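Descriptive structure summary
So the chains spell out like this:
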Amino acid sequence: MDIKKDRVVTIDYSLRDEAGKLLDSSEGGEPLIYLHGNENIIPGLEKHLEGKNPGDSVTCTVPAAEAYGERDESLVFKVSRKDFGEGVEVAAGMQFEAHGEEGAQIVTVVNVNGDEVTIDANHPLAGENLHFDVKVLNVRDATEEELEHGHVHFAGGCSDCGDGCDCGDEGCDCGDDCDCEE
Ligand code: ZN
């Protein structure tokens, strides 16, 4: 069965930046399982995987614009130290999860100067061209429920997703039968 929209795809992958530094890999962990064509993974990678079959290997470079987007310097701005709350340690390089209009997003502390904290709300991989090595392990049709929710279910149901549920990353819009917090 080949990869196309609304099929559930299992892949092993490794992700490197332009300098060849390993950023992420499924090696030594669980393979990635996602619902193709439902914005579960970056669009540029989906494009390269379209039509592939189990056993196929894909090596590709995804330009930043089709990965986590170009950097937006207007997303680098100053906030007050107080915004982080009492007793919270704030130092350059730390990352926080912020909840805004577009769901959860990672914010990186660039600099701390007294009460003034400079933060960068760009995705940590914004502006990066990404190199993927992917091996397709499995492809199956999605269930009706998975299509309704727009993501993969493990162990037969959303409330059973547990660790394998990717709801937490992007905010879950599953509705009632999902026990995710968002
Ligand atoms: Zn769900």
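As the structure is a computational prediction, the values presented were derived from the model and not from experiment. (Residues numbered from 1 in each chain as written. Predicted model: local features only at pLDDT ≥ 70, side-chain atom pairs only at ≥ 80, totals over all residues. Heavy atoms only, no water.)

**Details of the sheet that holds strand β8 (residues 116-120)**
In space, the 4 strands of this open sheet follow the order β5-β8-β7-β6, with antiparallel pairing throughout. The sheet is open, and its two edges are formed by β5 (76-80) and β6 (95-100), each paired on a single side. The sheet shows a mean angle of 45° between the axes of neighbouring strands, taken without regard to direction. As judged from the 5 bridges shared by β5 and β8, these two strands associate in the antiparallel manner. (Pairing = 2+ DSSP bridges. Helix = DSSP H or I, 4+ residues; strand = E, 2+ residues; numbered from the N terminus. Axes fitted to C-alpha atoms, helices over the stretch in contact; angles between N-to-C directions.)

**Considering the pairing of strand β4 (residues 57-62)**
Covered by surrounding structure in β4 are V58, C60 and V62 only, the residues S57, T59 and T61 on the alternate face being uncovered. Direction of pairing for β4 relative to strand β9 (residues 130-141): antiparallel, over a ladder of 6 bridges. Looking at the pairing, S57 lines up with K135 of β9. (Buried < 20%, exposed > 50% of the residue type's maximum accessible area, 1.4 Å probe, protein only.)

**Observations concerning the environment of V58**
Mapped onto the secondary structure, V58 falls in strand β4. By relative accessible area, which is 6% here, V58 ends up buried. It is 9.3 Å that separates the C-alpha atoms of V58 and Y13, two residues lying 45 residues apart in sequence. Once you skip the residues sitting within four places of it in the chain, V58 turns out to touch H48, L49, K52, F132, D133 and V134. (Contact = heavy atoms within 4.5 Å.)

**Section: the nonpolar core**
Here is a general trend for soluble globular proteins: nonpolar side chains tend to be buried in one another's company. By size, the foremost hydrophobic cluster in this structure holds 20 residues, and its most contacted members are I11, L45, L49, F132 and V134. If you tally residues by element for this core, the top one is β9, at 5 residues. With residues up to four places along the chain from it excluded, the contact list for I11 reads S26, P31, L32, Y34, L49, V134, K135, V136 and L137. In terms of nonpolar packing, the next biggest core, distinct from the first, is built from 8 residues, F84, V90, V107 and V117 among them. (Core = buried A, V, L, I, M, F, W, Y, C linked by side-chain atoms within 4.5 Å.)

**With respect to the confidence of the model for the protein chain**
Caution is warranted with low-pLDDT regions, since their predicted coordinates should not be read in detail. Mean pLDDT over the protein chain works out to 86, with 84% of the residues at or above the 70 mark. Segment residues 168-179 is flagged for pLDDT under 50; beyond a separation of four residues in sequence, or across chains, it makes 22 contacts in the model. (pLDDT = per-residue confidence, 0-100.)

**Points about the environment of K21**
Here K21 shows up in the loop between β1 (7-16) and β2 (22-25). For the pair K21 and H131, spaced 110 residues apart in sequence, the C-alpha separation works out to 9.7 Å. Not counting residues within four places of it along the chain, the set of residues in contact with K21 comprises L15 and R16.

**Some remarks on the side chain of S26**
On the secondary structure map, S26 appears in the loop between β2 and β3 (32-35). Separated by 2.9 Å, the side chain of S26 and the backbone nitrogen of Y13 make a polar contact. (Polar contact = N/O pair within 3.5 Å; in protein donor to acceptor, adjacent residues only side chain to side chain.)

**Regarding the pattern of salt bridges**
Considering all chains together, one arrives at 9 salt bridges under this definition. Close ionic contact of R7 with D2 constitutes a salt bridge, the shortest N to O distance being 2.8 Å. For D2, a relative accessible area of 31% translates into the label partly exposed. The partner of E73 in a salt bridge is R71, with the nearest N and O atoms 3.2 Å apart. Looking at E73, the relative accessible area reads 53%, which means it is exposed. (Salt bridge = Lys/Arg side-chain N within 4 Å of Asp/Glu carboxyl O.)

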